[in-house]
Amino acid sequence: MGTFDQMGPACEDLLKHLPAAEDLDAIPDRTAQVPWEAALKALRKGATECKAG
């Protein structure tokens, strides 16, 4: 875990790059797609909260 002055920019970087992952085609295997979608949702929520915090 970094210092607070390191975490803010890291969260902003994640938010900047997250749309590229969200725009990828769906994984053909639904068993793999479901946790991938959940991970992207969790990353979006966490990065948004981190940036706000």
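Located above this text is the structure these notes cover.
Quick caveat: nothing in here was measured; it's all calculated off a predicted structure.

### Let's talk about the overall build of the protein
Scanning the protein for helices and strands turns up 2 helices and 0 strands. Taking 2.2 N^0.38 as the reference for a compact globule, 53 residues should give roughly 10 Å; the C-alpha atoms of the protein span a radius of gyration of 13 Å, well beyond that estimate. For the protein, the spread of C-alpha atoms along the principal axes amounts to about 40 × 15 × 15 Å. A total of about 4200 Å² of accessible surface is found on the protein, and carbon and sulfur atoms cover 62% of it. In the protein, 6 positive and 9 negative side-chain charges are present, and the distance between their average locations comes to 5 Å.

### Side note on the side chain of Gln-33
Along the chain, the position of Gln-33 falls in helix 2 (residues 30-52). Excluding residues that lie within four positions of it along the chain, Gln-33 makes contacts with Ala-26 and Ile-27.

### Focus on the state of the cysteines
Counted under the stated rule, the structure contains 1 disulfide. Across a sulfur-sulfur distance of 1.8 Å, Cys-11 and Cys-50 are joined as a disulfide pair. Here the S-S torsion is close to 65°, and the disulfide linking Cys-11 with Cys-50 is therefore right-handed. With Cys-11 in helix 1 (residues 4-22) and Cys-50 in helix 2, the pair connects residues that are 39 residues apart, well separated along the chain.

What counts as what
- Residues numbered from 1 in each chain as written.
- Predicted model: local features only at pLDDT ≥ 70, side-chain atom pairs only at ≥ 80, totals over all residues.
- Heavy atoms only, no water.
- Helix = DSSP H or I, 4+ residues; strand = E, 2+ residues; numbered from the N terminus.
- Rg over C-alpha atoms; globule rule 2.2 N^0.38 Å.
- Areas by Shrake-Rupley, 256 points an atom, 1.4 Å probe, with all protein chains shown as cover.
- Lys, Arg positive; Asp, Glu negative; His and termini not counted.
- Charge placed at Lys NZ, Arg CZ, Asp CG, Glu CD.
- Contact = heavy atoms within 4.5 Å.
- Disulfide = S-S within 2.5 Å.

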